[in-house]
Amino acid sequence: MLPTTFGPWLDYTINGLVIGNIYALLAVGLALIFGVSHLINFAHGSVYMVGAYIGWLCVTKLALPLPVTFVTVAAGCGLLGAVIERVGLRPLRNAPRIAPLLATIGLSVVLDQSAQLLFSPDPRALPTQLPTWRIAIGGGSIGALDLLIAGVGIGSAGLLYGFLRFTKLGWAVRATALDRDAAQQCGVDVDKVNRTVFAIASALGGVSGLLVGMYYNTIDPNMGFQAGLKGIVAQLIGGVGNVPGAIAGSLLLGLIESYGIALFGTSYRNLFAFVALILILVLRPNGLFARARRLPPEPLTGTFIAPSRPLVLPKWAVWTLAALALALPLVVQQPYLLQTLGNAWLYALLALSLTLVAGTVGQVSLGHAGLLAIGAYASSLLALDAGVPVLLAVPLAGLVAAALGTALVYPAFRLRGHYVSIATLAVGEIVTLVILNWESLTRGPIGVTGIPPLSVAGKPLVSGQWVYWVPLIVLLAFAALQSRLLNSHLGRTLRAIREDDVAARSYGVDLNRYKGLAFAVAGFIAGVGGALMAHFYSYINHETFPAPVSMLALTMVILGGLGNVAGAVLGAAVLVGLPELFRAAAEYRMLIYGVVLLLLIRFRPQGLLGTV
Amino acid sequence: MADQLKNSLPKKPLLEIAGLTRRFGGLTAVNGLSLTVETGELVSIIGPNGAGKTTLFNLISGLDAPDAGAVTFEGGDVTGLSAERLAALGLARSFQHGRVFGNLSVLDNVLVGAHTRLRAVKPQIPLVGPLVELALALIRPPSVRAEEERLRAEATEIVRMFGERLTPRLDKPAHSLSYANRRRVEIARALALHPRLLLLDEPTAGMNPTETAEMLEIIRGLKAGGLTILLIEHKLDLVMQLSDRVVVMDHGARIAEGPPAAVAGDPAVIEAYLGHKAVGAANQDGPNQDGGRDAEGDAARILVAH
Amino acid sequence: MTDVLLRLDRVNSFYGPVQVHFDLSLEVPCGQIVCLLGGNASGKSTTMKVILGLLKPRSGQVVFDGQPLTGLNTPQIVRRGIGSVPESRRLFGTMTVRENVLMGAYTRSDAKSVAEDYEGVLDLFPKLRERHAQQAGTLSGGEQQMVAMARALMGRPRLIVMDEPTMGLSPLHVDRVLEMIQTINRQGVSIFMVEQNASLALQIAHRGYVLQTGRIVLSGPAADLARDPQIRDAYLGGAQAA
Ligand SMILES: Nc1ncnc2c1ncn2[C@@H]1O[C@H](COP(=O)(O)OP(=O)(O)OP(=O)(O)O)[C@@H](O)[C@H]1O
Ligand SMILES: Nc1ncnc2c1ncn2[C@@H]1O[C@H](COP(=O)(O)OP(=O)(O)OP(=O)(O)O)[C@@H](O)[C@H]1O
Ligand SMILES: [Mg+2]
Ligand SMILES: [Mg+2]
């Protein structure tokens, strides 16, 4: 496997740099948007996909010359960016910071699904019109497309850097990012700045989609998600919002991946990327190119988000709702409905877990599905390979998820803000990839089959009612415990960490201890949830809990209201139930889901029940 | 008189700072500073903007680590100790621009101040400590409940020190308070820690003279109660009335130290900090004013020439 | 040009359900320094927000230079010629001092005179010249205040609204800033400021208003206010004010 001569290495290097340049186009756009709106734009990957499709139309249907294709793609995606800003984000400018993030997730669902409907989910070929010559150097070779990619990448990055550093509009972009109100008081038209930035970033993203399509000669409607993720990782490696850093981070990421493939094979490619990210974050918590140790400045602005008044359900209402939910199977007997709702309660466990760390402690985790996976695998393997009774395996799996989850996230405890999100996202990916590659333990890509169902006194609980009742009872128990926790001194301490960690430290709050505690509790809840899923599904593999599940969980939590226990349950019920409502229109299901999500955020940005 | 008293009772200073230095790139924000604070004393630190006062507080309170020098608290070396450990040792501070917990109520803000005093928090054994704390929070035995009740009552009492300014807002989120009221919340929070040493960074910023006088009485009361206080303040009246000793900093170093009256008359202090008008001298020469006046006039004229 | 540059006309403003201003009316005549006094939480900073369009009053209007500002957003209002020194400064933390100050000139396009003015403000605050490449967020409190003042001046406004411009400044700088405000004013810029250092503020102001829980309770020439026993009690520290 290991190449022994120099030639292949040069090829790997060139390949790594080319991929790196593509990531750079994405990362720079993301950095720019992050710079101005403190937003990780999850729709960026979708814009990239749209760019590829516009390019495909231009090349195959209209047969336009290459330069015209480029201009069309840039213009089309730039326009799309401006539209995204206008409809998705501007209405949310006074909403809590997390709402726009959710809106970008919704937008990305809408874009991806529309592309599937328009162009079918199948991949298509995107031929390059470039000459096919390759220059041989020292055993490797460089083609025209490689050069074009490098040129576009470096050129646009340089232009952008100059724009931010030296032009008035560039300064306005940075000023707006730092303090909107103050920027307005300097006469900056903040809306215009935002629109411009989204347009530029999206044009870059679209062009990189086109280039990638040509490079691999294939495009498909789902190509955006992974690419967007990589752009985000690259940006993080360089330091959030730092344009030159994003470029360096991208090239580095490209090289790491390319060498990783060379050494261990393709299935390790992403593992390498994410492990590198975690390492860099641990060693240099603010990215590779951030300056040395520095106390975060006291908040200069005193700008506080105008939060909503949380909707507090009276005690009797909570009890009534719980009783009604418990009594439901006595009235409704359709197994399909009960199963769907049972599934919703399982997801509610995940949401409960996430709302604790993301809402209460303010550590927005994007890899929460990893905890589910750990719980699910722990419980099934305990039951299958170690012969532990299922009833015991489930809580044990909770403990395993608590311990392992906390240990894995531990390096991220010293990070702040968005770095935490991305580090947890990486942790989630790493969990999936380890499951995939550690075949001796996890059975690798085949997955675990024949997982025994939950049973009490030898009687398996598999009928429709039990599939509904078991998750619901577990959920109610955990929800009660969590509410009790939040009402204790711990709840107060955890919220204090969210509000201002420096002040919290100054009053004796040991951040590691409390973040650890929160992640342990969250890990336990999610682990039990995952374990129950495994025993109900009877088959799991590395794709049972993919990254989009983490996004879904976050959507539930934000929709319900961050930190709000009842909200998490409601969010799960709505988001698992909603797509089922549209099952008749199966093709349009996800699209409708995206649109409804967008509307909900638009009119209730603080979540249905409000943030606590 | 005070000096005699001190000499007759040989006791260790509560806080001792020796040769403390902190550099930011080429700038030395704190430069070989030495300072002691005796128990029960109120020492003020004054000095021009950028003298390094806040940086000094950050170093003492463990939010920042010095490049050189040592800090001794109650006889033990605490240099480089983390902020949370120092808080547990009884050191509380307020922040210059305010760091309240915006979405927590005023009462909860103050209660977080009492964090280190909670019994559930005390066990520091790794792994076991947090789990015990979790169990106590969930089970909430009578002792824990009683403690919480007691702290709530105490926090309300502390807030009441600030009169009608905060009491009606006890349940309001801290972000909805006006600037000066947020500062008051910070002080209340610091008091809830039952500090052995209290660091106050410009506690009266944003208050008018009447409100400042109110704060002066509060600080005087704290001092009378035996609290040791290190105070940064630009309002000279207050400093003169409260301090046992005044330390003047400039460019990170101490340029004068002594009883308030002596310091206020020190020519170096007048030059660097007070300006001539502030001490009543109409005389306006000296390097700070010299030539500055004309430049100022010119600049302003340029600015407004339409 | 009208005699009154800025006028608030029976303004009622709210934060959610909480009313802050009750029929607030006040005027800033052309070329004058007007100061707004009031205890903590009386609604002074909120008045600034209303003038700048950061908070829309529920009723009443703000009139600048004879034209109502209703319906304009903040940048449009700023372009009409209002500069601001916000409460607690609100600098752009990770931008350099130079960039912060020049951001004040964002609405201007005359590069040459901007450069001249930049030199001008550096002469006013020589300390900023030393620190021009430092990130504003790492400046000391007083240095930040200077940057905020400099930034407001760069827009060549006709009116500057200042929220506690001397907060956190050492005595020497308090004097300098107040003198500077006077100097600027003498060149024709009107000033509307909130100032806690009431005795000093009334020395340089032409007129004063006293705000109490959102209502104007007293107004008049600054000199009269400074002698008013009520004011001396409530805002000047009573007997302590010399
Ligand atoms: N993180 C940092 N990086 C670079 N310089 C810094 C940093 N923090 C502080 N400084 C500089 O160190 C000096 C001392 O700052 P400090 O905040 O301690 O002043 P101060 O005495 O509290 O002043 P003020 O009375 O205006 O609050 C200032 O010149 C400031 O610009
Ligand atoms: N964002 C907000 N949400 C809710 N209430 C607010 C908000 N900002 C201010 N308030 C309330 O409005 C009132 C007026 O506040 P404002 O900040 O205008 O006072 P101020 O006169 O500037 O006080 P200070 O001297 O302390 O700065 C206060 O009671 C305050 O609690
Ligand atoms: Mg300071
Ligand atoms: Mg105010």
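The shown structure was predicted, so the numbers you read here are calculated from the model rather than taken from an experiment. (Residues numbered from 1 in each chain as written. Chains lettered and ligands numbered in written order. Predicted model: local features only at pLDDT ≥ 70, side-chain atom pairs only at ≥ 80, totals over all residues. Heavy atoms only, no water.)

J.: Describe the overall build of chain B, naming the residues involved and giving the relevant values.
T.: The helix and strand tally for chain B stands at 12 helices and 10 strands. Counting over 306 residues, chain B shows a buried share of 56%. (Helix = DSSP H or I, 4+ residues; strand = E, 2+ residues; numbered from the N terminus. Buried < 20%, exposed > 50% of the residue type's maximum accessible area, 1.4 Å probe, protein only.)

J.: An account of unusual backbone geometry is needed here, citing residue identities and associated values.
T.: Located in the positive-phi region is S120 of chain A, a residue other than glycine, with phi close to 65 degrees. Looking at the secondary structure, you find S120 of chain A in the loop between α4 (98-119) and β1 (134-137).

J.: Lay out the sheet that holds strand β7 (residues 67-68) of chain C in plain terms, naming residues and giving numbers.
T.: Residues and elements named next belong to chain C. Here we have 4 strands laid out as an open sheet, ordered β4-β1-β6-β7, and antiparallel in their pairing. With partners counted over all chains shown, the strands left at the sheet margins are β4 (24-29) and β7, one partner each. By the bridge criterion, 5 bridges tie strand β1 (residues 4-12) to β4 in an arrangement that is antiparallel. The partner of V4 across the bridge, within β4, is P29. Where helix α1 (residues 44-51) meets the sheet, it contacts β1, β4 and β6 (59-64), and its direction lies at approximately 115 degrees from that of β1. (Pairing = 2+ DSSP bridges. Contact = heavy atoms within 4.5 Å. Axes fitted to C-alpha atoms, helices over the stretch in contact; angles between N-to-C directions.)

J.: Go over helix α10 (residues 243-264) of chain A with me, naming the residues and quoting the values.
T.: With 22 residues, α10 of chain A extends 31 Å between its outermost C-alpha atoms, agreeing within 8% with the 32 Å of an ideal straight helix rising 1.5 Å per residue. In the segment just after α10 of chain A, G265 of chain A is the residue with positive phi, at about 100 degrees. (Expected span 1.5 Å × (residues − 1).)

J.: Give a description of the site of ligand 1 that names residues and reports values.
T.: In the region of ligand 1, 22 residues are neighbours, and K53, T54 and T55 of chain B together with R131 and G142 of chain C sit closest. What surrounds ligand 1 is not a single chain but chains A, B and C. Within the contact set of ligand 1, an oxygen atom lies 3.1 Å away from a backbone nitrogen or oxygen of T138 of chain C. Out of a free accessible area of 640 Å², ligand 1 has 91% covered by protein chains. Looking at the shell around ligand 1, the elements with two or more residues in it are β2 (27-37) and α2 (53-60) of chain B together with α6 (141-153) of chain C. (Near = heavy atom within 4 Å. Polar contact = N/O pair within 3.5 Å; in protein donor to acceptor, adjacent residues only side chain to side chain. Areas by Shrake-Rupley, 256 points an atom, 1.4 Å probe, with all protein chains shown as cover.)

J.: Give a description of the environment of G370 of chain A that names residues and reports values.
T.: Residue and element names in this part refer to chain A. Within the secondary structure, G370 is located in helix α14 (residues 369-385). Separated by 179 residues in the primary sequence, G370 and V549 place their C-alpha atoms 9.3 Å from one another. Not counting chain neighbours up to four residues away, the residues in contact with G370 comprise G428 and V431.

J.: So, the pattern of salt bridges: which residues are in play, and what are the values?
T.: Here the structure, examined in full by the defined rule, presents 37 salt bridges over all chains. Here R129 of chain C ties to D123 of chain C by a salt bridge, and the two come within 2.6 Å at their closest N and O atoms. Take R129 of chain C: its relative accessible area is 34%, and that puts it in the partly exposed class. Among the ionic contacts, a cluster of salt bridges with common partners joins E41, R245, R254 and E257 of chain B. (Salt bridge = Lys/Arg side-chain N within 4 Å of Asp/Glu carboxyl O.)

J.: Break down the pairing of strand β12 (residues 215-221) of chain C for me, with residues and values.
T.: All names here are of chain C. In this sheet, β12 lies alongside strand β11 (residues 207-212) in antiparallel orientation, the contact comprising 6 bridges. Looking at the pairing, V210 lines up with L218 of β12. What sits between β11 and β12 in their antiparallel hairpin is a turn of 2 residues, with T213 showing a positive phi close to 35 degrees.

J.: How would you sum up the packing of aromatic side chains? Please name residues and give values.
T.: The full count for this structure, using the stated rule, is 9 aromatic pairs over all chains. Seen from their ring centres, Y53 of chain A and W56 of chain A are 6.3 Å apart, and the 65 degrees between their planes marks the pair as edge-to-face. Here the residue Y53 of chain A and the residue W56 of chain A both occupy positions in helix α2 (residues 44-61), the gap between them amounting to 3 residues, near one helical turn. Aromatic pair Y215 of chain A and Y216 of chain A: ring centres 5.2 Å apart, planes at 75 degrees, arrangement edge-to-face. Taking relative accessible area as the criterion, Y215 of chain A reaches 23% and is therefore assigned partly exposed. Taking the relative accessible area as the measure of exposure, Y216 of chain A reaches 41% and is therefore partly exposed. An aromatic cluster is built from Y53, W56 and F119 of chain A, whose rings are joined through pairwise contacts. A cation over a ring is seen here: R99 of chain B above F95 of chain B, with NZ or CZ 5.5 Å from the ring centre. We note R189 of chain B situated over the ring of F101 of chain B; from NZ or CZ to the ring centre the distance is 4.8 Å. (Phe/Tyr/Trp six-rings, centres within 6.5 Å; stacked < 30°, edge-to-face > 60°. Lys NZ or Arg CZ within 6 Å of the ring centre and 35° of its normal.)

J.: Any chance you could break down the packing of helix α9 (residues 223-238) of chain A against helix α16 (residues 418-437) of chain A for me, citing the residues and the numbers?
T.: Residue and element names in this part refer to chain A. For the pair α9 and α16, the least separation of the axes is 11 Å and the interaxial angle reads 125 degrees. Taken as axis vectors, α9 and α16 run oblique relative to one another. Crossing angle aside, the handedness with which α9 passes α16 is left-handed. Along the contact surface, α9 presents Q226, L229, I232 and L236, while α16 presents Y419, I422, L425 and E429. (Parallel < 35°, antiparallel > 145°, perpendicular 65-115°, else oblique. Left-handed = near helix turned anticlockwise from the far one by under 90°.)

J.: Pulling in residues and values, what's your account of the coordination of the magnesium ion (ligand 3)?
T.: All names here are of chain B. The protein atoms that coordinate the magnesium ion (ligand 3) are T54 (OG1) and Q96 (OE1), at distances spanning 1.9 to 2.1 Å. One end of the pair, T54, is in helix α2; the other, Q96, is in the loop between β6 (91-93) and α4 (106-113), and 42 residues separate them in sequence. Look at Q96 and you get buried, because its relative accessible area is 7%. (Donors = N, O, S within 2.8 Å, 3.2 Å for Na, K, Ca; no water.)

J.: Now, about the site of ligand 2: what can you tell me, with residues and values included?
T.: The environment of ligand 2 is made up of 19 residues, and the closest members are S176 and S178 of chain B together with K44, S45 and T46 of chain C. The environment of ligand 2 is shared, with nearby residues belonging to chains B and C. One of the backbone N or O atoms of A41 of chain C is found 2.8 Å from an oxygen atom in ligand 2. The side chain of T46 of chain C places a nitrogen or oxygen atom 2.5 Å from an oxygen atom of ligand 2. Considering ligand 2 on its own, with 640 Å² of exposed area, one finds that the protein chains cover 85% of that surface. At the level of secondary structure, the elements contributing two or more residues to the shell around ligand 2 comprise α7 (179-192) of chain B together with α1 of chain C. No other element matches the 3 residues that α1 of chain C contributes to the shell around ligand 2. Of the residues contributing to the shell around ligand 2, the split by class is 6 nonpolar, 9 polar and 4 charged. (Nonpolar A, V, L, I, M, F, W, Y, C, P; charged D, E, K, R; others polar.)

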